[in-house]
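Letter by letter, the chains look like this.
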Amino acid sequence: MGLFTKETEKAPCEVEVSHTFDSLHAHVKFLNGAVIHPGDEVLVHGKPVLAGYGEVIIEEREATITRASKLEQVWTRLTGDFECMELAEFAFSEGALS
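Here's what I pulled together on the structure shown here.

Thresholds, definitions, all that
- Residues numbered from 1 in each chain as written.
- Predicted model: local features only at pLDDT ≥ 70, side-chain atom pairs only at ≥ 80, totals over all residues.
- Heavy atoms only, no water.
- Helix = DSSP H or I, 4+ residues; strand = E, 2+ residues; numbered from the N terminus.
- Buried < 20%, exposed > 50% of the residue type's maximum accessible area, 1.4 Å probe, protein only.
- Contact = heavy atoms within 4.5 Å.
- Areas by Shrake-Rupley, 256 points an atom, 1.4 Å probe, with all protein chains shown as cover.
- Pairing = 2+ DSSP bridges.
- Axes fitted to C-alpha atoms, helices over the stretch in contact; angles between N-to-C directions.
- Polar contact = N/O pair within 3.5 Å; in protein donor to acceptor, adjacent residues only side chain to side chain.
- Core = buried A, V, L, I, M, F, W, Y, C linked by side-chain atoms within 4.5 Å.

1. Topic: the overall build of the protein
Then comes step 1: Across its full length, the protein holds one helix and four strands.
Then comes step 2: The secondary structure elements of the protein, listed N-terminal to C-terminal, are β-β-β-β-α.
Then comes step 3: Considering the protein as a whole, with its 98 residues, one finds that 20% of them fall into the buried category.
Then comes step 4: Taking the intrachain contacts of the protein between residues at least 6 apart in sequence as the baseline, contacts between residues at least 24 apart amount to 65%.
Then comes step 5: As presented, the protein carries roughly 7,800 Å² of accessible surface, and 58% of it is formed by carbon and sulfur atoms.

Quick look at the structure:
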């Protein structure tokens, strides 16, 4: 992997989608031990997994991992903390809530 070039790889994966009272989540687990690094992109192939209320669906799929270039990895590490703060919304007021 070069300073400006990207590489792609295919990986088998397991997709788990849960839509229950206790949990609402979607997770992807790579079955070949692949690890995702900052800046990498993952595309899971196939139709969307739609779980109705009370369901947990687990399916095996194939994913394409596009590895970030070295420059993108460094940029993502440097700016990631700032972008995370955009997700947080803080409000301070002197008055009590009514």
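2. A short note on the sheet that holds strand β1 (residues 7-19)
Then comes step 1: Within the open sheet, the four strands sit side by side as β2-β1-β4-β3. Their pairing is antiparallel. Each edge of the sheet is formed by a strand with only one pairing partner; in this case those strands are β2 (24-30) and β3 (41-44). Direction aside, the axes of adjacent strands within the sheet are offset by 35 degrees on average.
Then comes step 2: Here β1 pairs with strand β4 (residues 55-67) via 13 bridges, running antiparallel. Residue pairing for β4: valine 15 is matched across the bridge by glutamate 59.

3. Brief notes about the environment of glutamate 55
Then comes step 1: Tracing the backbone shows glutamate 55 in strand β4.
Then comes step 2: We classify glutamate 55 as partly exposed; its relative accessible area is 37%.
Then comes step 3: Linking glutamate 55 and leucine 24, residues 31 residues apart in sequence, is a C-alpha distance of 10.0 Å.
Then comes step 4: Discounting residues that sit within four places of it in the chain, glutamate 55 has contacts with Val17, Ser18, His19, Thr20 and Leu50.
Then comes step 5: Of note is the side chain of glutamate 55, whose polar atom sits 2.4 Å from the backbone nitrogen of glycine 52.

4. Quick word on the nonpolar core
Then comes step 1: If you look at the biggest cluster of nonpolar residues, it comprises 10 residues: Ala11, Cys13, Val15, Val17, Phe30, Ala34, Val49, Ala51, Ala63 and Ile65.
Then comes step 2: Elements that contribute at least two residues to this core include exactly β1 and β4.
Then comes step 3: Element by element, the count of residues in this core is highest for β1, at four residues.
Then comes step 4: If we ignore the near neighbours within four places in the chain, the residues touching cysteine 13 are Val28, Lys29, Phe30, Leu31, Val44, Glu59, Glu60, Arg61, Glu62 and Ala63.

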